[in-house]
Amino acid sequence: IATLASMQTRGGATCLNSTMTTDYLIELSGEFPHLAREEARSVLAAHSIEVVEHESHPAIPLFGFASTGAEADIRTAFLRMGMAWNLNRVLVQTPAPDPGSEDSWLSDLLAGLDQSDIPEGSVRVDAKILAPDVVTVYSADLRAQVKHRLGELVTRHRQVDLTHPQVIVRAILADGATVAIKLAAIDRTSFEERRSGFRPYTQPISLHPRLARAWINSGRVPAGGTVYDPFCGTGGLLLEAGLTGLR
């Protein structure tokens, strides 16, 4: 595990053992954080994607890693997940600010952003505080400042589109601060539509589809592999396995 302080971050590329890799950040579901992290590790391993995991506070729902793997393969692996929200490609990272240093901290964060790493197209800028009960240095006012100043910088030569942007730039404020490009999102609505109560046959107790998906993924079954469930009940585990392309 590589800690943020031990890494040298240059426009989203981290120098680890003299090999240039790309940094990614998965925003996890807040419930069952240990299961969500294991699911993230498992889907990447199932797709034979080698990663170096970044250390993070266990109560903060983030999974950061560096990889030399193809971005398309990482995106495919991520879209198997149930206990996640977004996949992001890191542009710049920095530790959280010390109290009283917020202005200089924000200037340094934005100075490290290389705009050539941001794809062309219309853009929207978001800023989000994660786990404010764990990391208390971020106020709502500081979040607004980050969003405003990042927006000014990013949209200087780009069209703003708040509804259907081609590029979403995100500031994620947690135990470290990250500016990243959103690459993919999990369609969580579809999981709700597959709850057991909507199936032709159901039982009073059944796994939520997102939990079933996470359990399937934690088995590290490779793409196209086979899942056997001898106690299938209402078929929730097998349904999620089939939807990820497993047999």
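Residues numbered from 1 in each chain as written. Predicted model: local features only at pLDDT ≥ 70, side-chain atom pairs only at ≥ 80, totals over all residues. Heavy atoms only, no water.

### Quick word on helix α3 (residues 102-111)
Link 1 in the chain: The complete set of buried residues in α3 reads W105, L106, L109 and L110. Within α3, the buried residues cover an arc of 125° as seen down the axis, which keeps them to one side. Residues of α3 that are exposed and angled more than 90 degrees away from the buried face: D103, D108 and A111.
Link 2 in the chain: Summarising the contacts, the buried residues of α3 are in contact with β6 (84-95), α4 (140-154), β8 (167-173) and β9 (176-185). (Buried < 20%, exposed > 50% of the residue type's maximum accessible area, 1.4 Å probe, protein only. Helix = DSSP H or I, 4+ residues; strand = E, 2+ residues; numbered from the N terminus. Arc of directions from axis to C-beta. Contact = heavy atoms within 4.5 Å.)

### What to know about the pairing of β8
Link 1 in the chain: Of all seven residues in β8, seven are buried, a share of seventy percent or more.
Link 2 in the chain: A two-sided burial pattern is seen for β8, the buried positions comprising V167, V169, A171 and L173 on one face and I168, R170 and I172 on the other.
Link 3 in the chain: Two strands pair when backbone bridges link them, and strand β7 (residues 123-129) and β8 are joined in this way by seven bridges, in the parallel orientation. Considered in β8, the bridge of V125 is made with V169.
Link 4 in the chain: As for the winding sense of the linkage, the β-α-β connection from β7 through α4 to β8 is left-handed.
Link 5 in the chain: Both β8 and β9 contribute to a ladder of five bridges, which runs antiparallel. Residue pairing across strands places A171 opposite V179, the latter belonging to β9.
Link 6 in the chain: Two successive antiparallel strands, β8 and β9, enclose a turn made up of two residues. (Pairing = 2+ DSSP bridges. Right-handed = clockwise from strand over helix to strand, strands pointing away.)

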